[in-house]
Amino acid sequence: MKLNDLVDRVGQEFEQIYGRSPRWIVAAPGRVNVIGEHTDYNDGFVLPMAIDRYAVLAADSRTDGKNVIRFHDASGAEPAFINLSAPITPGTPKWANYPRGVIAGYLARGINPGGLDVLLHSTVPLGGGLSSSAALEVSTATLLENVTGKKLDPVEKALLCQKAEHDFAGVPCGIMDQFISVMGQENHLLLLDCRSRKTQLVPMDDPAIGLFIVNSNVRHELGNSEYAKRRAQCESAAKILGVPSLRDATAVDLENARSKMSDVVFRRARHVISEIERTIHAAEGLRASNWTTVGQLMYASHRSLRDDYEVSCRELDAIVEISESIGIKGGIYGCRMTGGGFGGCTVALVKTEAVPGISKKMAEDYKAKTGIDASMFVTRPASGAVILKSRRAQSQPLQPGRTGWDEEEQLRSGPVARFRGRGPSIAEACSHVPGGLHPRMIGQDNFAFAGHFFQRHRLGSVSPRRHHHAKNTLVN
Ligand code: GLA
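Residues numbered from 1 in each chain as written. Predicted model: local features only at pLDDT ≥ 70, side-chain atom pairs only at ≥ 80, totals over all residues. Heavy atoms only, no water.

A. Expanded view of the site of the ligand. In the region of the ligand, the neighbouring residues are Arg31, Glu37, His38, Asp40, Tyr41, Cys173, Gly174, Met176, Asp177, Tyr227, Gly339 and Gly340. One of the side-chain N or O atoms of Asp177 is found 2.6 Å from an oxygen atom in the ligand. A distance of 2.6 Å separates an oxygen atom of the ligand from a polar atom in the side chain of Tyr227. Coverage of the ligand by the protein chains reaches 93% of its 310 Å² of free accessible surface. Of the residues assigned to the shell around the ligand, the class counts are four nonpolar, four polar and four charged. Split by domain, the shell around the ligand shows at least three residues from each of two domains, domain 1 (3-204 + 382-396) and domain 2 (209-380 + 411-461). (Near = heavy atom within 4 Å. Polar contact = N/O pair within 3.5 Å; in protein donor to acceptor, adjacent residues only side chain to side chain. Areas by Shrake-Rupley, 256 points an atom, 1.4 Å probe, with all protein chains shown as cover. Nonpolar A, V, L, I, M, F, W, Y, C, P; charged D, E, K, R; others polar. Domains from an automatic or database assignment.)

Structure follows, in structure tokens:
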């Protein structure tokens, strides 16, 4: 379902449950990691992208003044009640531990949304390794920021969500999932240096190339305990090597220290060290549209996760084998498991024109090999967390120091209707923005974008935040 349609749907569902329309609607995406698996907690590189599957939250202030956030889930899961007047701790229903942890984080920073009625509708498959939990955390964070008008720096926001997952869901995850859900950009992968937390956008806008996701539709229970074990094994390898983390070791260092560690610890480290290198090469390959190289790196990543890191499973291996048999001739450059492992999804780099044929063959062969029906879809890099409806109902007239972005109707009536006001020149409008947005200050791309919108839609004025938001979400 397209995000616009989803927003309409969630608005109607909110009305059915709460008897009025929502005042705020936000969304945060799930992700697929193209390469760089189990490297984030080793200070390495990851290369994920946001997918067009979202956790959407619609909300309004409570009408009875209670200091409680009431969460309904459109899928019919047990509703949750989070009392803001008492200390927030993990509880039941369990799915609400993600929002609980995020709300606790914002309250600790003095950001309090007050009592709310909320409806969740998520299209990120649960337990599919596509970060449905990060999508829920980041959408909660985005909602709180929308309601209160107080925004954290994006890095702090992602870290707060990661902490919620550690402390409230008991999963010692790395930073990848929350970062991409906050910072994803349409038509771009995000190369994230998990040590410096610096990001680089890697364009992926060739319509002939897509990412094909296959959900194995299995989830082996081992996942969480094995994840924690892998982290511990990596830490012990780093300790033996005398480095702060495996990011600091080379393949030669590891080979030289082989006799000092168990075979298992050696293989875990070999995966991480080689995967960090593959990720950097894959980013270079993508920039150069060198699909064959990227595909080979994806297959190599899968082999390393299967044999050295031992986080794959029979079903994921079956999908990768089928992909290899389809091959480049059949439209697949490469394929690998994605996410934590032990079930969930694979990601393949494909020729978009070949997707119908690939889907048919994959469905038949996977069923024949495993007896299970796979689900699959093709996706392109989508935008990160986004505000879809906000409390401000009126656009402001153009005045120095005022902003005039009409958020109320976003994504309901299309881009043109969202902007009001008389058309100033670009330079004039920029000069009115608090903080001094100016053509020379916003860079070539942004300037071009601003010009396009100011001229086409006769935009009244713009704020840097809205400008950034629009750039992320509205241009297509
Ligand atoms: C899970 C975690 C991430 C990352 C991946 C493996 O998705 O949440 O932080 O460690 O596994 O790459």
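B. Focus on helix H1 (residues 3-18). In this model H1 runs 22 Å from its N-terminal to its C-terminal C-alpha over 16 residues, within 8% of the 22 Å that 1.5 Å per residue would give. Looking only at H1, the buried set comprises Leu3, Leu6, Val7, Val10, Gly11, Glu13, Phe14 and Tyr18. Close packing links the buried residues of H1 with strand E1 (24-35), strand E2 (45-61), strand E3 (68-73), strand E5 (116-122) and strand E12 (386-389). (Helix = DSSP H or I, 4+ residues; strand = E, 2+ residues; numbered from the N terminus. Expected span 1.5 Å × (residues − 1). Buried < 20%, exposed > 50% of the residue type's maximum accessible area, 1.4 Å probe, protein only. Contact = heavy atoms within 4.5 Å.)

C. Looking closely at the packing of helix H9 (residues 291-307) against helix H10 (residues 314-326). In contact at an axis separation of 12 Å, H9 and H10 are set at 150° when each is read in the N-to-C sense. By the angle between their directions, the pair H9 and H10 is classed as roughly antiparallel. As for the relative orientation of H9 and H10, their crossing is left-handed in sense. Seen from H9, the contacting residues are Tyr299, His302, Arg303 and Arg306; seen from H10, they are Leu316, Asp317, Val320, Ser323 and Glu324. Split by residue class, the contact of H9 with H10 holds three nonpolar, two polar and four charged. (Axes fitted to C-alpha atoms, helices over the stretch in contact; angles between N-to-C directions. Parallel < 35°, antiparallel > 145°, perpendicular 65-115°, else oblique. Left-handed = near helix turned anticlockwise from the far one by under 90°.)

D. Representation of the nonpolar core within the structure. If you look at the biggest cluster of nonpolar residues, it comprises 137 residues, and the most contacted ones within it are Leu47, Phe71, Leu143 and Leu349. With twelve residues, the single largest contributor to this core is E2. For this core, the domains that each give at least three residues are domain 1 (3-204 + 382-396) and domain 2 (209-380 + 411-461). Not counting residues within four places of it along the chain, the set of residues in contact with Leu143 comprises Trp24, Val26, Leu57, Ala59, Leu116 and Val118. (Core = buried A, V, L, I, M, F, W, Y, C linked by side-chain atoms within 4.5 Å.)

E. Representation of helix H2 (residues 97-108) in the model. Taking 1.5 Å of rise per residue, twelve residues should cover 16 Å, and H2 covers 16 Å from first to last C-alpha, within 8% of that figure. Across the twelve residues that make up H2, a large majority, nine, are buried. Among the residues of H2, Asn97, Pro99, Arg100, Gly101, Val102, Ile103, Ala104, Gly105 and Tyr106 are the ones counted as buried. In this structure, the buried side of H2 is in contact with E3, strand E4 (80-83), helix H3 (132-148) and helix H4 (154-169). Gly110 sits one or two positions beyond H2 and adopts a positive phi of about 80°.

F. Summary view of the packing of aromatic side chains. Applying the stated criterion to the full structure yields three aromatic pairs. Between Phe14 and Tyr18, the aromatic rings sit 4.6 Å apart at their centres with planes inclined by 45°, giving tilted as the arrangement. Note that Phe14 and Tyr18 are positioned in helix H1 at a spacing of four residues, about one turn of the helix. Residue Tyr18 is classed as buried on the basis of its relative accessible area, which comes to 13%. With centroids separated by 6.2 Å and ring planes inclined at 80°, the aromatic side chains of Phe71 and Trp95 adopt a geometry described as edge-to-face. Here Trp95 lies in the loop between E4 and H2 and Phe71 lies in strand E3, a separation of 24 residues in the sequence. Classification of Phe71 by relative accessible area gives buried; the value is 1%. For the cation-ring pair, Arg230 lies above Tyr309, with the distance from its terminal atom to the ring centre recorded as 5.9 Å. (Phe/Tyr/Trp six-rings, centres within 6.5 Å; stacked < 30°, edge-to-face > 60°. Lys NZ or Arg CZ within 6 Å of the ring centre and 35° of its normal.)

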